[in-house]
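Listed below, chain by chain, are the residues.
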Amino acid sequence: MSLAAGPSGGEAVGAVAESAVMPTYTRYPVTLVRGRGTTVWDAEGNAYLDFAGGIAAIPIGHSHPSWVNAVAEQAATLTHVSNLFSTEPQEELARRLVSLAGFGRVFFANSGAEANEAALKIARKHGLAAGRGSERLEVVALQGSFHGRTFATLAATGQPAKHAQFAPLPEGFVHVPAGDRAALEAAVGDRTAAVLLEPVLGEGGVIPLEPSYLALARRLCTERGALLVLDEVQTGVGRTGEWFAFRHAGVEPDVVTLAKGLGGGLPIGACIAGEELAFGPGEHASTFGGGPVPCRAALAVLDVIEREGLLENCRARGEELAAGLRALDAPGVTGVRGAGLLLGVAFDGDVAGPVVRALMARGCLATEAGPKVVRISPPLSVSAEEVDRFVTAFGDAAASAVAINTKEETET
Ligand SMILES: Cc1ncc(COP(=O)(O)O)c(C=O)c1O
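Since the model is a prediction, treat every value here as computed from it, not as a measurement. Think of each chain on its own: its residues are numbered from 1, step by step along the sequence as written. Given that the model is predicted, a residue must reach a pLDDT of at least 70 before its local features are reported, and side-chain atom pairs must reach 80 or more before they are shown or counted; all residues, however, enter totals for whole chains, interfaces and linings. Water and hydrogen atoms were dropped before computing side-chain values, which therefore reflect all heavy atoms in the structure.

### Section: the environment of glutamate 306
Strands here are runs of E lasting at least two residues and helices are runs of H or I lasting at least four, both read from the DSSP assignment and numbered beginning at the N terminus. Along the chain, glutamate 306 turns up in helix α10 (residues 292-307). Note on definitions: a residue-residue contact is assigned when non-hydrogen atoms from the two residues lie within 4.5 Å. Setting aside its immediate chain neighbours within four residues, glutamate 306 contacts Arg96 and Trp243.

### Digging into the packing of helix α2 (residues 65-77) against α10
Close contact between α2 and α10 brings their axes to 9 Å; oriented N to C, the two are set at 155°. Compared by their axis directions, α2 and α10 come out roughly antiparallel. In the crossing of α2 with α10, the sense of the turn from one axis to the other is right-handed. The segment α2 lies against α10, with Ser66, Trp67, Ala70, Val71, Gln74 and Ala75 engaging Pro292, Val293, Arg296, Ala297, Ala300, Val301, Val304 and Arg307. Under this grouping Gly is polar, as are all residues other than the nonpolar Ala, Val, Leu, Ile, Met, Phe, Trp, Tyr, Cys and Pro and the charged Asp, Glu, Lys and Arg. Tallied by class, residues from the contact of α2 with α10 come to 10 nonpolar, two polar and two charged. To obtain an axis, a line is fitted to C-alpha atoms, over the contacting stretch when the element is a helix, and the angle between two such axes runs from 0 to 180 degrees between their N-to-C directions. Any angle that falls under 35 degrees is termed roughly parallel, while one over 145 is termed roughly antiparallel, one within 65 to 115 roughly perpendicular, and all others oblique. By definition, turning the near helix anticlockwise from the far helix through less than a right angle yields a left-handed crossing, and turning it clockwise yields a right-handed one.

### Points about the site of the ligand
The near set for a molecule or strand comprises every residue that places at least one heavy atom within 4 Å of it. Taken together, 13 residues surround the ligand, and among them Gly112, Ala113, Asp231, Gln234 and Lys260 come closest. Two N or O atoms form a polar contact when they lie within 3.5 Å of each other; inside protein one atom must be a possible hydrogen donor and the other a possible acceptor, and for residues adjacent in sequence the pair counts only when both atoms belong to side chains. Here an oxygen atom of the ligand and a backbone polar atom of alanine 113 are 2.8 Å apart. Residue glutamate 203 places a side-chain N or O atom 3.5 Å away from an oxygen atom belonging to the ligand. Each accessible area is a Shrake-Rupley estimate made with a 1.4 Å probe; only the visible protein chains count as cover when residues are assessed. Calculation on the ligand without its partners gives an accessible area of 390 Å², and the protein chains cover 81% of this total. Here the element with the most residues in the shell around the ligand is helix α4 (residues 112-128); it accounts for three residues. Looking at the shell around the ligand, its residues break down into three nonpolar, six polar and four charged.

### Concerning the sheet that holds strand β2 (residues 39-42)
Spatially, β1-β2-β3-β15 is the arrangement adopted by the four strands of the open sheet, whose pairing is mixed. This sheet does not close on itself; its edge strands, each paired only once, are β1 (32-36) and β15 (364-365). At least two bridges found by DSSP between two strands is the condition for calling them paired. Judged from the two bridges that link them, strand β3 (residues 47-50) and β15 form a sheet pairing that is parallel. What sits directly across from aspartate 50, in β15, is leucine 365.

### Focus: empty space enclosed by the protein
Only protein atoms enter the 1 Å grid used here. Points where a 1.4 Å probe fits but cannot escape make up a cavity, open sets with protein on both sides within 12 Å along at least five of seven lines make up a pocket, and a residue lines them when an atom lies within 4 Å of a point. Grid points are joined across faces, edges and corners, and a volume is the space filled by probe spheres set on the points. Summed over the entire model, instances satisfying the criterion amount to two cavities of 30 Å³ or more. Approximately 60 Å³ is the volume attributed to the largest cavity. If you trace the largest cavity, you find 13 residues lining it, with Ser82, Asn83, Gly290, Gly291 and Pro292 closest to the centre. Split into classes, the residues belonging to the lining of the largest cavity amount to four nonpolar, nine polar and no charged. Approximately 50 Å³ is the volume attributed to the second largest cavity. Forming the walls of the second largest cavity are Leu97, Leu100, Val237, Trp243, Phe244, Leu258, Leu262 and Leu302. Its residues placed into classes, the lining of the second largest cavity shows eight nonpolar, no polar and no charged.

Below is the structure:
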């Protein structure tokens, strides 16, 4: 295994070739070529325990045989006909999602941002229906949230640094501090079309919202005529130990969005909205959204989660992982938080990058969620033995990265 300087210095693995791809991501210097279950291999044959999981997008592990067969069979049968025709995989997936959500109809998109864009259009339509002069054009979202990179979802995202080069963005997005009840009460009023929340702020640092905060949001929306829109792009499809994270809080949203884990590695997004909020003919569209192959892939994901008891496994392994990470009492760690198998380890300094690279050098993958938080989101099928191995590597990586960081700080 050859060591090279990482994207921002420090301990790193492998080497990056000259790329013709736009450098929108600061990439780790590793080219991955193969995956199976919780393991991925790089071009040099090194194996990694994948607790990054494609950023919470591989619920049933890499290349699960049932998923591979379903995708291959569908690809050999029917791949694309456009949404001018109905297809069996799309109809079946919509029925399954409505049954799991307990309400609504589905619009299929290709990504999380697109699913949220659909939700925001539904909110606008609902807001305009209030009538001339009393339109509800505002969306209340959270500071630190992440909802996507299209213009509207970027405006909804509560991270001003990401807005900087792209102004002017669509107007009407109000951001309040996450978990602040008084701020939410004050922000939701007769101009509010929707309140948009991630049950666990993922990119913003793996910050779970209290069930009672979600319940407050539900009550305010109901009382004041706004829609409760939950962005479950990262938390949905079993990631927190329930099909939807809103189940933990016992609230039902008006609209919920999914993406990441749904396709098990193929791009698909879904916006589920109450019957009365559904788009009508011509109001929204997507050429590829809900195509036969990603829908068949998503059906295989749902089947495997059910058949292999992966919600239960997610809860059990999630508890072991959180307990193991806490018991490490690693230097610089201020907390381990999250739900199910979406966990964040928070540090008191900007060491998430060095810790992730130190993990990589020890054969484990995880991701950064901001400069101070390491996000851990393995497949829901992860085993107890893999959890143990990861926890051991994490203790070692955190100690090494924090020691190097402290030494650098002392020397400068
Ligand atoms: C909560 C949430 N919403 C939306 C998105 C955007 O999804 P995509 O990258 O598929 O557009 C993400 C991606 O990280 C996300 O975590």
